Amino acid sequence: LAKTTQPISMDSYEGQEVNITCSHNNIATNDYITWYQQFPSQGPRFIIQGYKTKVTNEVASLFIPADRKSSTLSLPRVSLSDTAVYYCLVGEGLNAGNMLTFGGGTRLMVKP
Amino acid sequence: ETGVTQSPTHLIKTRGQQVTLRCSSQSGHNTVSWYQQALGQGPQFIFQYYREEENGRGNFPPRFSGLQFPNYSSELNVNALELDDSALYLCASSRLGRGDAEAFFGQGTRLTVV
């Protein structure tokens, strides 16, 4: 499985756009990029998944350049409730048996 | 709410004891995976059960074992508890065989070994 590298922590303010970048230099051809969100004392929650270019849903956008060696999770206009740990995962996508490999994640702190 | 429930929510055990954690999967799901999450770290995959058989295992010793029942609920058993087993134990259910087999996590069981 491809290893991922992301910032340990980030700070932001309410109403700002937050971009969290993840590096995955060894991504394989059939790997997808998936992001999970985790609040304290809760299980991770799926946010978004993509393979290339751009994916957008009601929660976030995911930007993937042509070489797919990195990806950026974009959270528009964050609020205090977006304070959480965000994990970038690379693997065979949602249908890969869900044997997920989590790294350390990025701890996002949103301030008033 | 994900529809995945775990019990108990918190547990304190003594080193050397055995513990059983339980997970009820979401309706319609046939696969349960277990994860261990130490404080400040990401979840680590323990093993997965599909149709009552172990379908994959992470880097955990044999004293971590599991079961899946016909109703797809699952148990995680840990024997000979060690202090380092203190963690949040998460289960996730999904439906293998579907192209959109997203995993849904429960709230976890916080195990403290003293």
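What you see is a predicted model, and the numbers here were worked out from it, not measured in a lab.

## So, the overall build of chain A
Phase 1: Check the secondary structure of chain A and you find 0 helices and 9 strands.
Phase 2: Ordered by position from the N terminus, the helices and strands of chain A form the series β-β-β-β-β-β-β-β-β.
Phase 3: Here chain A has a C-alpha radius of gyration of 13 Å; the compact-globule value for 112 residues is 13 Å, and the two agree.
Phase 4: If one aligns the C-alpha atoms of chain A with their principal axes, the spans along those axes are about 40 × 30 × 25 Å.
Phase 5: Taking contacts inside chain A between residues at least 6 apart in sequence as the whole, the part at least 24 apart equals 58%.
Phase 6: On chain A, roughly 5,700 Å² of surface is accessible, and the fraction owed to carbon and sulfur atoms is 51%.

## Quick word on the packing of aromatic side chains
Phase 1: Here the structure, examined in full by the defined rule, presents 11 aromatic pairs over all chains.
Phase 2: With a centroid separation of 6.0 Å and an interplanar angle of 80°, the aromatic rings of A:Y36 and A:F46 are classed as edge-to-face. Of this pair, A:Y36 sits in strand 3 (residues 32-38) while A:F46 sits in strand 4 (residues 45-50); the two residues are 10 residues apart in sequence, bridging distant segments of the chain. Accessibility classification places A:Y36 together with A:F46 in one group, the buried group.
Phase 3: Pairing A:Y36 with B:F105 gives two aromatic rings, centres 6.1 Å apart and planes at 85°, and the pair type is edge-to-face. With A:Y36 in strand 3 and B:F105 in strand 10 (residues 104-105), this pair bridges two chains. B:F105 shares its class with A:Y36; the two are buried.
Phase 4: Through successive ring pairs, a cluster of aromatic residues spans A:Y36, A:F46, A:Y87, A:F102, B:Y35, B:F45 and B:F105.
Phase 5: We note A:R68 situated over the ring of A:Y51; from NZ or CZ to the ring centre the distance is 4.0 Å.

## A few points about the environment of A:G103
Phase 1: Within the secondary structure, A:G103 sits in the loop between strand 8 (84-91) and strand 9 (106-111).
Phase 2: Since its relative accessible area comes to 26%, A:G103 is described here as partly exposed.
Phase 3: Contact partners of A:G103, with chain neighbours within four places excluded, come to A:Y87 and B:G42.

## Brief notes about the sheet that holds strand 8 of chain A
Residues and elements named next belong to chain A.
Phase 1: What the 5 strands build is an open sheet, ordered 1-9-8-3-4; its pairing is mixed. Only two strands of the sheet have a single neighbouring strand rather than two, namely strand 1 (9-13) and strand 4. Taken pair by pair, the neighbouring strands of this sheet meet at an average axis angle of 25°, ignoring direction.
Phase 2: Sheet topology places strand 3 next to strand 8; 7 bridges connect them, and they run antiparallel. When the bridges of strand 8 are listed, Y32 appears paired with G91.

## Digging into the state of the cysteines
Residues and elements named next belong to chain A.
Phase 1: Counted under the stated rule, the structure contains 2 disulfides over all chains.
Phase 2: Across the disulfide from C22 sits C88; the S-S distance is 2.2 Å. Between C22 and C88, the S-S dihedral sits near -80°, and the bridge is therefore left-handed. Of this pair, C22 sits in strand 2 (residues 18-23) while C88 sits in strand 8, and the two are 66 residues apart along the sequence.
Phase 3: Relative accessible area serves as the criterion here: at 0%, C22 is assigned to the buried category.

The rules behind the values
- Residues numbered from 1 in each chain as written.
- Chains lettered and ligands numbered in written order.
- Predicted model: local features only at pLDDT ≥ 70, side-chain atom pairs only at ≥ 80, totals over all residues.
- Heavy atoms only, no water.
- Helix = DSSP H or I, 4+ residues; strand = E, 2+ residues; numbered from the N terminus.
- Rg over C-alpha atoms; globule rule 2.2 N^0.38 Å.
- Contact = heavy atoms within 4.5 Å.
- Areas by Shrake-Rupley, 256 points an atom, 1.4 Å probe, with all protein chains shown as cover.
- Phe/Tyr/Trp six-rings, centres within 6.5 Å; stacked < 30°, edge-to-face > 60°.
- Buried < 20%, exposed > 50% of the residue type's maximum accessible area, 1.4 Å probe, protein only.
- Lys NZ or Arg CZ within 6 Å of the ring centre and 35° of its normal.
- Pairing = 2+ DSSP bridges.
- Axes fitted to C-alpha atoms, helices over the stretch in contact; angles between N-to-C directions.
- Disulfide = S-S within 2.5 Å.

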